[in-house]
Amino acid sequence: MAVSELYSKFARVWLPDAAEVWKPAEVVKDYTPGDQTLSLQLEDGTLLEHKLEPQAKDFPPLRNPDILVGENDLTSLSYLHEPAVLHNLKVRFIDSKLIYTYCGIVLVAINPYESLPIYERDIINAYSGQNMGDMDPHIFAVAEEAYKQMARDERNQSIIVSGESGAGKTVSAKYAMRYFATVSSSSGEATVEERVLASNPIMEAFGNAKTTRNDNSSRFGKYIQIGFDKKHCIIGANMRTYLLEKSRVVFQAQEERNYHIFYQLCASSHLPEFKNFKLGDADDFHYTNQGQNPVIQGVDDAKEMLNTRKAFLLLGIDVAHQMAIYQILAALLHLSNVEIKEESSDRSTIVPNNSHLKVFCELLGVSCEEMTHWLCHRKLKTTTETYVKSLSKINATNGRDALAKHIYAGLFSWIVDNVNNMLKSTVKQHSFIGVLDIYGFETFDINSFEQFCINYANEKLQQQFNLHVFKLEQEEYMREEIPWTLIDFYDNQPCINLIEAKLGILDLLDEECRMPKGSDDTWAQKMYNTFQKQNPHFEKPRLSNRAFIIYHFADKVEYQCCGFLEKNKDTVNEEQINVLKKSLFGMVLKLFEYDEKAIGSTKKQSRPAQKETKKTVGLQFRQSLHLLMDTLNATTPHYVRCIKPNDIKAPFTLDPVRAVQQLRACGILETVRISAAGFPSRWTYQEFFVRYRVLLKQKDILSDWKQTCKNLLEKCIQDKNKYQFGKNKIFFRAGQVAFLEKLRFDKLRLACVRIQKTIRCWIARKKYLRMREATIFIQKHVRGYQARCYAMFLRHTRAALVIQRNVRMWLQRKQYLRIRSAAIIIQCFLRAYMARMNYYKLIYERTAVIIQRWVKGWLVRKQFKRTVAAVVLLQSCVRRMNAKRELKMLKAEARSVEHFKKLNVGMENKIMQLQHKINEQHKENRELSERLHAVERIQALEREKQNKEFENLRRSEEEARAKAEAVPSLLEQLSFLHEELENTRKEKKLIEDQAKLYVDKTQKEVDDLNVKNEKLTHENTDMQKLILEQAQKLAEIDANFGDKKQLEMDLTEERSRYQNLLSEHLELEERHRDLKEEISSLTMPKLVHKRNDSYYSSNSSEFSQSLGSTDAEDNSSQTESESTVDLPLLLKLQRRVKELELEKQSLSHQLENREETVQLVEEEKTAGRAELDLETLKRQELEYENKKLKQDLNELRKSLTGENLDLVPPAPGSKPYSVILDQLTSSTEELEMRKEEVLLLRSHMVRQEALKHKDTDLGDSVKLNLTEMPSLQDTCKSKNVHTLNEDGELWLAYEGLKETNRLLESQIREQERTHGEELKRLREELSKLKEDRAEQQKFLAQSLQLPEAARIDASLKHEITQLTNENLELMEDQERQDKIIHKLRKQLKFFMKKVEEYEVSAQLKERSSTITPPAINVNITRKEKEYQGMLKYKQGDETRLLKNLVTDLKPRGVAVSFIPGLPAYIIFMCLRYADNVNNDQRVTALLNTTISSVKGVIKKRGSDFEVVSFWLSNTCRLLHCLKQYSGEKMYIEQNTPKQNDHCLSNFELSEYQQVFEDLAIQIYRQLIKCMEDIMQPLIVSSMLEYENIQGVLGSKPTGLRKKSSSFSEDGTVSIETLLQRLSLFFSAMSQHGMDPPLMKQVVRQQFYIICAITLNHLLLRKDMCSWSKGLQIRYNVWQLEEWLTEKDMANSGAKEMLEPLVQAAQLLQIKKKTEADAQGICNMCTELTPAQIVKILTLYTPVIEFEERVCTTFIDTIKELLKDRDKSPTLMMDTKKIFNVTIHFAPSPVAFDTIQIPTSLNLGFLTRI
């Protein structure tokens, strides 16, 4: 194709640019051959002339059409060149937020610098089993391709991940290994995948560090071979490492860090196990503070340390070895701070008693003197003698650093070796997949030996990549047998030869290392002499004699020679090593034993004739690199090229310059160039013929397709080098397919224009002739007809006018009279009826409002109490955790806060400006929309007006015709109407008389209402004044009303968060308890663990223990028998034992803290009893007050006795009522004052006596118990009582003043609370007045608009309504007063009972001293009484009771015959007995043991649905009993009088209500989990796979792979099987007496699980997304809905849970073509997320010939319509989601005295009372 055709007007091209590399432009003038410039226009409108040199062919690259922009594969672009690749990557990365793109066989991964939700398990499942090109590019697709090729071809695979530092290589390799671990199930060991993944955090901690380009840069090469067996299951792994950067241990550049493990260790130095290491912050050590930036933003080193330790435990490295590793690392940190001082130029010394050196020697177990000596000296050996030489400060420091590097390298090798041992499998490896994560190409300001080796490795890998890509390209050409020439590609073999060939750089370096006086300078001179002029890849810098430059494949790099020899030799002082070999620390000895084994194995491999010399680092690296290349060449490689988008680590920001540099370096552009140099576009002959046959004439079409295609190409493309003919395909060079598409489009366009022109002309001519002929014919006949009609119309009009004039008059008169009389009668009755109905309606609405107000108030108070309890529990837990973490996070928060402050400077002003701009735009939009609506309304009104006029004209014409025909009949009716008129006149007279009477009566009522209206007007005026005075207060109240809805939402979220935290806490506690029991069973099989119930606090937060917290209690009475522990079980539990070591230490630490706290409390209580002397001083005053209280109580008793005679409560304002109220108020005040005085007195006495007996024996021997009040005679007085000195008196006065201040503060708080309540009450009154005012104003405004009669009726109705409201308010006040009286009576009864008990006890004491016992025994007989609904038991029988009633009870069988909730009733009857005897210890023991027993049963038998359902029902019943018999007003309303007598009298157990509610929530969640485990295997087979409509669905086309079912044919699962299982669940819950509201919540959760699992599998299975499967799903959903109706659960909310599945089925069946269909889908699928809708449409697959696929444009339309939908972006539904459960109060009608205890329960030790 000619250049002039390509570069015609409107052609789009790319121009080079310094900043953006390439920028787009458009040709504005056709190019003609010979032009020296090309006229272009940039996107910003700038015109420019691009200079051309046609001989050089430097035309700008052409741009691809927009339809190809954003393609998944770069090789599919029409024009393959650098700007097209860069632009495609930019569009995908920035616009589409896609980080993966294919480039042929290479996956390009761009680091987003942001966490993306594309690596979850559901995404792994989505890519599993898919072909590489079927889904979007992803690292999982490459991993799946490698896994499939390994299984299919039986050939080992390798995934080579490369790129420069910071590009994301480590993350990509980690996700590839995660994919293999997820899709493959291990055959030998259950946790091999976990161990493979657990090696990552360990290797990252010890081998990764922060650099200037990457926060987690791998400073070593890693090649992991994941082994598989014949079934392609992971059986183990092996890791090889390359060139650890040891120099980083002792040196870091600015803004860089040492290896992560050092900072993790310093961040965890506060832990008790690390205190012996004597560590501190990372800034305190030389090896960790050189970079001056020890913190990585967003990384918590302490948390990462926990992950590292967990990974060690998972890999089998026990805590002892871990502590040994950390001890060595700590020793290295201390070694870095060993300061070496200079004595002279060649002598140095270490300060004696250096603390860091002592710690170093102590941690490693070596002699401090020897280490001090050999750090500053060196032993030299000659042929005749050996002597010790002092070292200079520089040499000594270098020796110290070399020792540190050597120790760390040995430790790293030991860790790698142990990790490989743990990952090794005993099963024979069948195949493997290798993942290579090796350092990328590096170039820094200062490049040393490490960068040289890294870039050498990248040269080798790039060569292997180029050869592989070239090989694949040429193999395709050979298969098609087309002539091809060798494609020229960049070969970096000369650069590799410069490095590794004989007499190369590495050889010269090894030779210089063997020289006695070799140095970096002499080595540099040798390189200059050898390579400077002979090798073009080598260059000497102009301004340096100690550096050299190498031209690598990516860039030229300048290396500094300083340190090359030392790093290559890697020498360490042998005497220092000998000192370490004498260490008493076993781990150090293991490290050097490992080194000796490695050296020994090297010596064995060397030839005996060869001199034994140590291998240099360069030689070792070269050998390991050759071994790696051999391994890679023996496998099938898969390439992942990682790109670093920018250097500032900004998310989704692409720097074009940096991107192009990496594209050139990593081989992407080389792949594109190889493809473009060959034939990138390939078509089969048949595809080409079908596509381009329109370019041929009929005579050119031959029977042979190949020859036809050849003729067409020879005709269209003149240059035969632009295409080649293969055996099966036609190969095109770049751009030729675009040219053919252009020819095809032009040909089709011309044909369409010609056809349109001809057809339109013929249609228009034919239409014109037909219309002309018809018009002439119609005109002739219409004109004659119009003349005749006009004459007839004139005659008819004249006659009609006469008739109409008379008839209309008569009709109107008659109609008027009849309507008038009827309207008067109707108004009379209708107004009366409406007045009555409005009155009834007002009463009904007012009553409903009152009921709603009370009910809503009760619900809000109930919800508030629960919320307060939950918030208190959460606050206690969260504050306890936050208090422990707060100190650690202070420094990090300070730094992060300062950082964010710097970042957010000026952001607020920008936000305000943007907000202001948005508001102005919204305002303009509203004005324009209002104008548009006004214009539309005016136009609509005009159209309606014209239509009405037209209809009126047409109707009048028809009526005129009809009336002309009806004139004779009307005359006959006229006579008849005259007679009716006379009768109507008579009736009118009667009605007028009645109306006159009614008017008189109404006028009287109006006068009365006017008087009342004047009164209301005055009252309204007063109310308005009051409202104006309180307007400011009202504004404050209105501001608070807006937060009500937000508070309700917060409460719902808090409840959900609380239940989730409770569930997580229980799971962790259960796991912890299980592992502790397994440890105890393995290590101490003969011990019996007992637990004291007294530690179980009454606080709700302390009761939220795990389900397994009581197994030890259940077995406390039994001794565990010795059992033989088999070795596999021990190995299985060993990992869990190690995980619990840390938790055990933290628990022991907490126990020590609590013991110290208890000890301090006991010491504070330990003082003398001298305060009793001061107590006696107050005793007389208290006795006097007691007598006064007795008198007041007697008066109260008399007043109550007088009023109770009539059984009527005292009325408010009466004398008994006033006496009760005054006495109770004074008693309450006196009681509060006495309490405060007692508290002050006790504090004074304790402090005074503590001062007196501080130094005496009494202070050590006597303990004070303030709860007991012994007499003065029993007090042991001190014989040596000292008076207080002046200082002591001042201190006592100061303490008393503090107590007084506390008392005043409490009183002030009480006053503030009282004032707040009063203010709240005033605000409520103000709000009420405001509402009344608004109603009055509204009524007045409405009444003024009404006529006078209607105004009277309205005022009457308003007066009636107001009176009704006042009556209702008075009734409410009366109810409140009754409640207050009831509360006061209850308090008085309690006080009277206490006083009577005190009087009786005093009288008994007086009589006991005077009355002697009787001499005669008297027998007393007991009268039989009715049962009181209590069960008597002995103290200590709680364990026995709960064992028989809870632990040993089986719901199946015995429990089936019980009444529902019998165990709960029995426990509560025992609780009533403990309450009746007023024994708090019994109450606590019984409730705690009950909770523990129920948790134990749920833990042991949690997988049994019937057991969990049974105890959920009984726990809820016990909770309801605690509420029903608590005596609270809200719970006892439905009780019978007898049930009210059974209420608890001595203890208030509201805290235990919360505890049992938490327990019920725990059991509910366990019930859901158990139910899910049972249902999950049935759901997919019954809802998706089983087809019970065999005759309707149709069959799939042959060739589709059938999906294997999870069940065999014999055990086919249908929807009926699932329904049977649901029925079993439902019947079990009903039989156990579960509350109906709770059952509805369970059923709702069941249907959510069914919907979630079914929809998730539908989204992951392409064969299920079809029209027929949608029909099957809808049928199955209908079956489920019918089951709900049958079980009377239709209103449970379960049907709504199936709505997403129903919509997905409808989406499979609905039409999917037009934009209207897309809008209908968006309106229909409201419960599906946009991601789910698009996924289903993408997966839709036709299975019969009548279906069609969904086009991509339709999916794009759906995406556009759904882009503003506020839905979750997640694809999968959360199958583990459990809805918040609400336990509604359900009182029981069962009376306790009627309950019989079955003998089968073995509860004979209980006695009914």
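Rules used throughout
Residues numbered from 1 in each chain as written. Predicted model: local features only at pLDDT ≥ 70, side-chain atom pairs only at ≥ 80, totals over all residues. Heavy atoms only, no water. Pairing = 2+ DSSP bridges. Helix = DSSP H or I, 4+ residues; strand = E, 2+ residues; numbered from the N terminus. Contact = heavy atoms within 4.5 Å. Axes fitted to C-alpha atoms, helices over the stretch in contact; angles between N-to-C directions. Patch = residues over 30% accessible without salt bridge, like charges linked within 9 Å, V, L, I, M, F, W, Y side chains within 5 Å. Areas by Shrake-Rupley, 256 points an atom, 1.4 Å probe, with all protein chains shown as cover. Salt bridge = Lys/Arg side-chain N within 4 Å of Asp/Glu carboxyl O. Lys, Arg positive; Asp, Glu negative; His and termini not counted. Charge placed at Lys NZ, Arg CZ, Asp CG, Glu CD. Buried < 20%, exposed > 50% of the residue type's maximum accessible area, 1.4 Å probe, protein only. Phe/Tyr/Trp six-rings, centres within 6.5 Å; stacked < 30°, edge-to-face > 60°. Lys NZ or Arg CZ within 6 Å of the ring centre and 35° of its normal. Core = buried A, V, L, I, M, F, W, Y, C linked by side-chain atoms within 4.5 Å. Parallel < 35°, antiparallel > 145°, perpendicular 65-115°, else oblique. Left-handed = near helix turned anticlockwise from the far one by under 90°. Nonpolar A, V, L, I, M, F, W, Y, C, P; charged D, E, K, R; others polar.

## As for the sheet that holds strand 19 (residues 556-560)
Next up, step 1: Strands sit in the order 17-18-19 across an open sheet of three strands; the sheet is antiparallel. Of all strands in the sheet, those with a lone pairing partner are strand 17 (538-539) and strand 19, marking the two edges.
Next up, step 2: Sheet analysis places strand 18 (residues 547-551) next to strand 19, joined by five bridges and oriented antiparallel. Residue isoleucine 549 lies in a different strand from strand 19, and its bridge partner there is glutamate 558.
Next up, step 3: Lying over the sheet, helix 13 (residues 449-480) contacts strand 18 and strand 19, oriented at roughly 145° with respect to strand 19.
Next up, step 4: The sheet contacts of helix 16 (residues 520-531) involve strand 17 and strand 18, and relative to strand 18 the element is tilted by about 40°.

## A few points about a positive patch on the surface
Next up, step 1: A cluster of basic side chains, namely Lys303, Lys310, Arg885 and Lys888, defines a positive patch on the protein surface.
Next up, step 2: Elements with a contribution of two residues or more to the positive patch: helix 8 (301-314) and helix 25 (736-903).
Next up, step 3: Here lysine 888 is to be found in helix 25.

## With respect to the pattern of salt bridges
Next up, step 1: Summed over the entire model, instances satisfying the criterion amount to 27 salt bridges.
Next up, step 2: A salt bridge links glutamate 204 to lysine 174, with the shortest nitrogen-to-oxygen separation between them at 3.4 Å. In this pair, glutamate 204 is assigned in helix 6 (residues 192-207) and lysine 174 in helix 5 (residues 169-183), connecting sequence segments 30 residues apart.
Next up, step 3: A residue is classified by how much of its surface remains accessible, and glutamate 204, at 15% relative accessible area, is buried.
Next up, step 4: Given the relative accessible area of 23%, lysine 174 is considered partly exposed.
Next up, step 5: Notably, a salt bridge pairs glutamate 1760 with lysine 1763, separated by 2.5 Å at the nearest N-O pair.
Next up, step 6: You can call glutamate 1760 partly exposed: its relative accessible area is 47%.
Next up, step 7: Lysine 1763 sits in the exposed class, given a relative accessible area of 53%.
Next up, step 8: One continuous salt-bridge network, built from bridges that share partners, spans Arg219, Glu245, Arg248 and Glu256.

## Concerning unusual backbone geometry
Next up, step 1: For glutamate 154, which is not glycine, the phi torsion reads 55° and is therefore positive.
Next up, step 2: Tracing the backbone through its elements, the reader meets glutamate 154 in the loop between helix 4 (139-153) and strand 7 (157-162).
Next up, step 3: Residue asparagine 353 is not a glycine yet carries a positive backbone phi of 55°.
Next up, step 4: Assignment of secondary structure puts asparagine 353 in the loop between strand 13 (347-350) and helix 10 (355-364).

## As for the environment of alanine 109
Next up, step 1: Assignment of secondary structure puts alanine 109 in strand 6 (residues 106-110).
Next up, step 2: Here the alpha-carbon distance between alanine 109 and isoleucine 99, two residues 10 residues apart in the chain, equals 5.6 Å.
Next up, step 3: In contact with alanine 109, not counting residues within four places along its chain, are Ile99, Tyr100, Val640, Arg641, Cys642 and Ile643.

## Section: the packing of aromatic side chains
Next up, step 1: All chains considered together, the criterion is met by 45 aromatic pairs.
Next up, step 2: The ring of phenylalanine 725 has lysine 710 sitting right over it, with the charged end atom 5.5 Å from the ring centre.
Next up, step 3: Over the face of the ring belonging to phenylalanine 1779 we find arginine 1644, whose NZ or CZ atom lies 4.1 Å from the ring centre.

## Thoughts on the sheet that holds strand 4 (residues 47-51)
Next up, step 1: Taken in spatial order, the four strands make up an open sheet running 1-2-3-4, and their pairing is antiparallel. Because the sheet does not close on itself, it has two edges, and the strands there are strand 1 (12-17) and strand 4. Recorded for the sheet is a direction-independent mean angle of 50° between the axes of neighbouring strands.
Next up, step 2: Pairing geometry for strand 2 (residues 21-27) and strand 3 (residues 37-42), over three bridges, is antiparallel. Looking at the pairing, glutamate 26 lines up with glutamine 41 of strand 3.
Next up, step 3: Here helix 2 (residues 82-95) sits on the sheet and contacts strand 1 and strand 2; the angle it forms with strand 2, its principal contact strand, is near 105°.

## Details of the nonpolar core
Next up, step 1: Counting 189 residues, the largest nonpolar core has Phe180, Phe206, Tyr326 and Phe548 as the members making the most contacts within it.
Next up, step 2: Those residues in contact with phenylalanine 180, other than ones at most four positions away along the chain, are Ala143, Tyr147, Ile159, Ile226, Phe228, Ile234, Ile433 and Val435.
Next up, step 3: Grouped together as the second largest cluster of nonpolar side chains are 136 residues, Cys1470, Leu1522, Val1643 and Ile1721 included.

## Brief notes about the environment of proline 137
Next up, step 1: Its place among the elements puts proline 137 in the loop between helix 3 (121-127) and helix 4.
Next up, step 2: When the C-alpha atoms of proline 137 and isoleucine 99 are compared, they prove to be 8.6 Å apart, with 38 residues separating the residues in sequence.
Next up, step 3: The residues touching proline 137, leaving out its near neighbours within four places in the chain, are Asn72, Arg92, Tyr100, Thr101, Tyr102, Leu107 and Tyr127.

## Regarding the packing of helix 50 (residues 1715-1724) against helix 52 (residues 1752-1762)
Next up, step 1: Look at helix 50 against helix 52: their axes get within 9 Å of each other, and the N-to-C directions meet at 45°. For the element pair helix 50 / helix 52, the angle class is oblique. As for how helix 50 packs across helix 52, the hand of that crossing is right-handed. Each of Glu1715, Asp1717, Ala1718, Gln1719, Ile1721 and Cys1722 in helix 50 lies in contact with helix 52, whose residues at this interface are Phe1754, Thr1757, Ile1758, Leu1761 and Leu1762.

## So, a negative patch on the surface
Next up, step 1: A surface patch of like charges, here negative, comprises Glu920, Glu924, Glu927 and Glu930.
Next up, step 2: Within the fold, glutamate 924 resides in helix 26 (residues 907-965).

## Considerations on the packing of helix 15 (residues 505-514) against helix 16
Next up, step 1: Viewed as axis vectors pointing N to C, helix 15 and helix 16 meet at an angle of 145°, and their least axial separation amounts to 10 Å. In this structure, helix 15 crosses over helix 16, and the sense of that crossing is right-handed. Side by side, helix 15 and helix 16 meet where Ile505, Leu508, Leu509, Glu511 and Glu512 of the first sit next to Thr522, Trp523, Lys526, Met527, Thr530 and Phe531 of the second.
Next up, step 2: Its residues assigned to classes, the contact of helix 15 with helix 16 shows six nonpolar, two polar and three charged.

## Regarding the pairing of strand 5 (residues 100-103)
Next up, step 1: On strand 5, burial covers both faces: Tyr100 and Tyr102 on one face and Thr101 and Cys103 on the other are all buried.
Next up, step 2: Note that strand 5 and strand 6 share four bridges and pair antiparallel. Bridge assignment links tyrosine 102 to a residue of strand 6, and that residue is leucine 107.
Next up, step 3: Counted between consecutive antiparallel strands, the loop separating strand 5 from strand 6 contains two residues, among which glycine 104 sits at a positive phi close to 70°.

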